[in-house]
Amino acid sequence: MGLQPSCVTQNGAPMEKSIYSQHYTLFLGMLRTRRESAGITQREIAARLGATQSFVSKCERGERRLDIVELRAWCAALEISLNEFAVRFDEDCLASASQLASRKAKR
């Protein structure tokens, strides 16, 4: 009889599995874009993380999820704070949602 986690969004729509959501795709794109814009290869970030290139590749493709502790290490390897990354992610999610709503309104 404990509390059950909510499976709906703020607007009442069912939540997508996060690995398949538009926002998770955005999240992965941000990680990859940040790495590439810094001129860092998958092997280089893997070395900074103490991981393999295969691990990095799987994370960037969404085959392997990152938890918050891993994301913090990833951000450090990319020389960005977790807070800065989260703020940018939130801003990009809001912009993405706004663009989607605008497209739907034009239909």
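Just above, that's the structure.
Keep in mind that what you see is a predicted model, and the values were worked out from it rather than measured. (Residues numbered from 1 in each chain as written. Predicted model: local features only at pLDDT ≥ 70, side-chain atom pairs only at ≥ 80, totals over all residues. Heavy atoms only, no water.)

Chemist: How should the packing of aromatic side chains be read in this particular structure?
Modeler: In this description, an aromatic ring pair is defined by two values, namely the gap between the centres and the angle between the planes. Tallied over the entire structure, the rule returns four aromatic pairs. Aromatic pair Phe27 and Phe89: ring centres 5.9 Å apart, planes at 80°, arrangement edge-to-face. Placement of Phe27 in helix H1 (residues 22-37) and of Phe89 in helix H5 (residues 82-106) is noted, with a sequence separation of 62 residues between them. Take Phe27: its relative accessible area is 9%, and that puts it in the buried class. (Phe/Tyr/Trp six-rings, centres within 6.5 Å; stacked < 30°, edge-to-face > 60°. Helix = DSSP H or I, 4+ residues; strand = E, 2+ residues; numbered from the N terminus. Buried < 20%, exposed > 50% of the residue type's maximum accessible area, 1.4 Å probe, protein only.)

Chemist: Teacher, can you tell me more about unusual backbone geometry here?
Modeler: Of all residues except glycine, most have a negative phi; of all peptide bonds, most are trans. Positive phi is not limited to glycine here, since Glu79 has a value of about 60°. Its place among the elements puts Glu79 in the loop between helix H4 (68-77) and H5. A relative accessible area of 65% means that Glu79 is categorised as exposed.

Chemist: When you look at the nonpolar core in this model, what are you seeing that I'm missing?
Modeler: Where a protein is soluble and globular, its nonpolar side chains tend to be buried together. Ranked by size, the top nonpolar core spans 19 residues in total, and within it Phe27, Leu31, Ile45, Leu66, Trp74, Leu78 and Phe85 carry the most contacts. Of all the secondary-structure elements, those providing two or more residues to this core are H1, helix H2 (42-49), helix H3 (53-61) and H4. The element contributing the most residues to this core is H1, with five residues. The residues touching Phe85, leaving out its near neighbours within four places in the chain, are Phe27, Met30, Leu31, Leu71, Cys75 and Ile80. (Core = buried A, V, L, I, M, F, W, Y, C linked by side-chain atoms within 4.5 Å. Contact = heavy atoms within 4.5 Å.)

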